Amino acid sequence: MTHSDHPTPLESRAAGALSGRVRVPGDKSISHRALILGALAVGETRISGLLEGEDVLNTAKAMAALGARVERTGEGAWSVRGVGVGGFKAPAAPLDFGNSGTGCRLAMGAVAGCPIAATFDGDASLRSRPMRRILDPLELMGTRVTSSADGGRLPMTLQGARDPLPVVYRTPVASAQIKSAVLLAGLSAPGVTTVIEQEASRDHTELMLTHFGAHVVTTKEGAHGRKIALTGQPELRGANVIVPADPSSAAFPIVAALIVPESDVTLTDIMTNPLRTGLFTTLREMGASIEESHQRNDAGEPMAQFRVRASQLRGVTVPPERAPSMIDEYLVLAVAAAYAEGVTTMRGLQELRVKESDRLEATADMLRVNGVEVEISGDDMIVVGKGHVPGGGLVATHMDHRIAMSALVMGTASDTPVKIDDTGFIATSFPDFIPMMRGLGADFS
Ligand SMILES: O=C(O)C1=C[C@@H](OP(=O)(O)O)[C@@H](O)[C@H](O)C1
Ligand SMILES: C=C(OP(=O)(O)O)C(=O)O
């Protein structure tokens with residue numbers, strides 16, 4: 001059964017100030033990586049604070065199907081006993097990644113360096129997403145695609161390389177998923193596998209590979225880029241991983257607290273890796289009151305507590321080079337922009353077209369049906385902020401969790417309620433979103 005077989009609509013209406021203290025769930029990117037590296041390591045990996053959303057649970061199942069022992073030992077607590085680099089066994093059935101690009105693409109990289117065949121599949125949204133960008137480098141390394149749907153899409157069967165070749169690969173777009181797939185395949189190759197990116201994307205794979213004992217050297221490349229060199233065939237050792245709270249999930253209560261008058265909300269343990277914090281930079285430029293305290297760095301990634309108070313926002317221009325550090329946050333930024341005074345121009349958003357939905361079109365539609373003036377010009381989105389949002393619209397969520405949550409956030413302060421057609425996909429990344437927002441004072445019914 002897919003979520004859309006039984007859509008569950010929900011309405012969000014303005015209901016006074018939001019207040020309270022919350023910890024949003026664990027970071028999705030780090031959760032996927034902890035399971036995958038745990039499955040490729042020798043010995044036990046203990047993970048705490050794992051995001052138990054559907055995307056990550058699908059990765060856990062895939063790692064078990066590839067031969068790792070994956071056990072849930074408590075709330076957010078997981079133990080993984082891995083098979084060692086190159087040691088995956090052929091899965092008995094297709095691996096189903098549901099809605100998750102990250103889980104699927106990183107697992108393709110991990111399988112590519114093992115001499116096995118595996119079939120990758122997902123839901124209708126994932127089946128529509130481009131996989132060529134992952135296959136291009138993996139084929140250079142010796143992996144073969146033995147079957148795929150039209151245009152190199154899922155379902156797809158890969159035959160991993162018996163003797164993978166190390167490569168020097170320049171990613172065509174800033175994408176942590178492409179970079180990570182190449183590095184994970186490079187684990188099985190002799191010598192050094194190098195990825196060069198013109199604009200730095202999130203570096204959780206590099207950081208976690210080092211944590212598990214691999215040798216990774218990162219250097220600057222041009223003004224905004226990086227060169228990452230991994231020495232192949234390391235012995236990865238199981239490690240402890242503490243997963244900080246996901247800044248991309250925190251974005252929703254943060255924007256809600258900014259737009260609902262008199263709100264005062266505290267969020268704890270938010271990961272503040274600079275390659276993930278473009279939204280917070282942008283919101284501060286718009287005049288947001290976000291106070292950061294309790295900075296710590298005891299889990300391999302920086303984290304901090306955020307106190308967010310309702311603020312009168314103003315329109316800004318967001319430069320294209322900031323996109324990789326906030327790529328999943330433009331939807332909810334567009335909501336903040338609608339409540340701001342003045343025009344917000346977000347530049348260089350082409351990658352939004354190939355996410356769970358065409359997020360450029362879906363975000364513009366979400367705003368338009370609720371009375372907000374918005375324009376797409378090439379790869380840019382321009383939102384005309386009037387300080388308030390009329391609301392009254394029904395938002396089509398297109399199997400996209402972030403459209404669903406952004407629209408519900410928009411309704412927390414709109415003149416009339418905002419309705420969404422389906423809440424089902426929220427569980428992919430933020431299963432407790434609805435009760436957590438209600439706990440802060442949101443009226444969802
Ligand atoms: O590597 C990751 O964990 C992710 C990378 C990004 O995708 P791209 O690599 O396609 O930019 C992002 O949109 C996704 O939510 C998570
Ligand atoms: C793009 C996203 O995820 P994925 O690519 O893993 O489906 C997201 O969570 O916004």
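Residues numbered from 1 in each chain as written. Chains lettered and ligands numbered in written order. Predicted model: local features only at pLDDT ≥ 70, side-chain atom pairs only at ≥ 80, totals over all residues. Heavy atoms only, no water.

1. A short note on unusual backbone geometry
What counts, and what does not: We count a stretch as a helix when DSSP gives it H or I for four or more residues in a row; a strand needs E for two or more, and each element gets its number in order from the N terminus. Burial classification: accessible surface area is computed with a 1.4 Å probe over protein chains only, and a residue below 20% of its type maximum counts as buried, one above 50% as exposed, and the rest as partly exposed.
Leu 154 connects to Pro 155 through a cis peptide bond whose omega is -5 degrees. Among the secondary structure elements, Pro 155 is positioned in strand β9 (residues 153-159). In this structure, His 294 takes a positive phi of about 50 degrees despite not being glycine. When you line up the elements, His 294 lands in strand β16 (residues 289-296). Accessibility expressed as a relative area gives 55% for His 294, which makes it exposed.

2. Things to note about the UniProt feature "binding site: 3-phosphoshikimate" (unreviewed entry) in the protein chain
The condition that has to hold: UniProt positions are given in the numbering used here, feature names are shortened, and annotations may be inferred rather than shown by experiment. In the analysis that follows, any N or O atom pair within 3.5 Å is treated as a polar contact, provided that within protein one partner can donate a hydrogen and the other can accept it, and provided that, for residues neighboring in sequence, both atoms belong to side chains. The criterion used for residue contact is that any of the two residues' heavy atoms lie within 4.5 Å.
Under the local residue numbering, the UniProt record ascribes the feature "binding site: 3-phosphoshikimate" (unreviewed entry) to Lys 28, Ser 29, Arg 33, Ser 175, Gln 177, Asp 328 and Lys 355. Locating Ser 175 in the fold gives a position in the loop between β10 (168-170) and α6 (176-186). A polar contact of 3.2 Å, which involves the side chain of Ser 175, links it to the backbone nitrogen of Gln 177. Within the element layout of this structure, Lys 355 appears in the loop between β19 (341-346) and α11 (359-368). Setting aside chain neighbours within four positions, we find Lys 355 in contact with Arg 129, Ile 327 and Asp 328.

3. Considering the packing of helix α8 (residues 247-259) against helix α9 (residues 278-285)
Operational definition: To get an axis, a line is fitted to the C-alpha atoms, and for a helix only the part in contact is used. The angle between two axes follows their N-to-C directions and goes from 0 to 180 degrees. Our angle categories are set so that under 35 degrees counts as roughly parallel, over 145 as roughly antiparallel, 65 to 115 as roughly perpendicular, and the remainder as oblique. A crossing counts as left-handed when the near helix is turned anticlockwise from the far one by less than a right angle, and as right-handed when that turn is clockwise. Under the scheme applied here, ten amino acids are nonpolar (Ala, Val, Leu, Ile, Met, Phe, Trp, Tyr, Cys and Pro), four are charged (Asp, Glu, Lys and Arg), and all others, including Gly, are polar.
For the pair α8 and α9, interaxial distance at closest approach is 10 Å and the crossing angle is 15 degrees. One element, α8, and the other, α9, form an angle in the roughly parallel class. Relative to α9, the crossing made by α8 is left-handed. Contacts between α8 and α9 involve Pro 247, Ala 251, Ile 254, Val 255 and Leu 258 on the former and, on the latter, Leu 279, Phe 280 and Leu 283. Along the lines of polarity and charge, the residues of the contact of α8 with α9 split into eight nonpolar, no polar and no charged.

4. A short note on the site of ligand 2
The line we're drawing: The rule for a residue being near a molecule or strand is that one of its heavy atoms must lie within 4 Å of it. The protein chains shown are the only cover counted for residues, whose accessible areas, like all others here, come from Shrake-Rupley with a 1.4 Å probe.
Around ligand 2 sit 13 residues, and of these Lys 28, Gly 101, Thr 102, Arg 129 and Arg 402 come closest. Within the side chain of Lys 28, one N or O atom sits 2.7 Å away from an oxygen atom of ligand 2. At 2.5 Å from an oxygen atom of ligand 2 is found a side-chain nitrogen or oxygen belonging to Arg 402. A total of 300 Å² of accessible area belongs to ligand 2 in isolation, and the protein chains cover 99% of it. Within the residue set of the shell around ligand 2, elements represented by two or more residues are α3 (101-112) and α12 (401-411). Of the residues belonging to the shell around ligand 2, the class tally is no nonpolar, six polar and seven charged.

5. A closer look at the sheet that holds strand β6 (residues 95-96)
What counts is decided by this rule: In this analysis, strands are considered paired if DSSP registers two or more bridges between them.
Taken together, four strands build an open sheet; the order of strands is β6-β7-β9-β8 and the sheet is mixed. Every interior strand has two partners, whereas the edge strands, β6 and β8 (144-149), have only one. Both β8 and β9 contribute to a ladder of five bridges, which runs antiparallel. Paired with Arg 144 across the two strands is Gln 159, which belongs to β9. Strand contacts of α3: β7 (117-121) and β9, with the helix running at about 175 degrees to β7, the strand carrying the most contacts.

6. Points about the site of ligand 1
To keep things clear, this is the line we draw: As used throughout, domain bounds are those supplied by an automatic or database domain assignment.
Near ligand 1 the following residues occur: Lys 28, Ser 29, Arg 33, Thr 102, Ala 174, Ser 175, Ala 176, Gln 177, Arg 202, Ile 327, Asp 328 and Lys 355. Side-chain polar atom of Ser 175 to an oxygen atom of ligand 1: 2.7 Å apart, as the coordinates give it. Residue Ala 176 places a main-chain N or O atom 3.1 Å away from an oxygen atom belonging to ligand 1. Contact with the protein chains removes 93% of the 380 Å² of surface that ligand 1 exposes when unbound. Contributions of two or more residues to the shell around ligand 1 are made by α1 (28-40) and α6. Considering each element in turn, the shell around ligand 1 owes the most residues, three residues, to α1. Class assignment for the residues of the shell around ligand 1 results in three nonpolar, four polar and five charged. Here the shell around ligand 1 spans two domains, since at least three of its residues come from each of domain 1 (3-26 + 244-444) and domain 2 (28-242).

7. Considering the environment of Ala 200
Relative to the helices and strands, Ala 200 is located in the loop between β11 (192-197) and α7 (204-211). The buried category is assigned to Ala 200, whose relative accessible area is 13%. As a C-alpha pair, Ala 200 and Val 335 span 135 residues in sequence and 26 Å in three-dimensional space. With residues near it in sequence (within four places) discarded, Ala 200 still touches His 224, Gly 225, Arg 226, Leu 275 and Pro 324.

8. Some points on the packing of aromatic side chains
Spelled out, the test is: Each Phe, Tyr or Trp ring (for Trp, its six-membered ring) is paired with any other whose centre lies within 6.5 Å, and the angle between the two planes then decides the class: stacked below 30 degrees, edge-to-face above 60, tilted in between.
Under the criterion given, the structure shown has five aromatic pairs. Where Phe 280 meets Phe 306, the ring centres are 4.9 Å apart and the plane angle is 70 degrees; that geometry is what we call edge-to-face. Here Phe 280, found in helix α9, pairs with Phe 306, found in strand β17 (residues 303-309); they are 26 residues apart in sequence, far enough to count as distant. Comparing Phe 280 with Phe 306 shows no difference in burial state: the two are buried. Put simply, the rings of Phe 252, Phe 430, Phe 433 and Phe 444 pair up and form one aromatic cluster.

9. A short note on the sheet that holds strand β4 (residues 69-74)
With mixed pairing, the four strands of this open sheet are ordered in space as β4-β5-β3-β14. On the outer flanks of this sheet lie β4 and β14 (240-242), each paired with one strand and no other. Each strand axis lies, on average, 20 degrees off the axis of its neighbour in the sheet, ignoring direction. As paired strands, strand β3 (residues 44-48) and strand β5 (residues 77-81) are joined by four bridges and run antiparallel to one another. Within β5, the residue paired with Glu 44 across the bridge is Arg 81.

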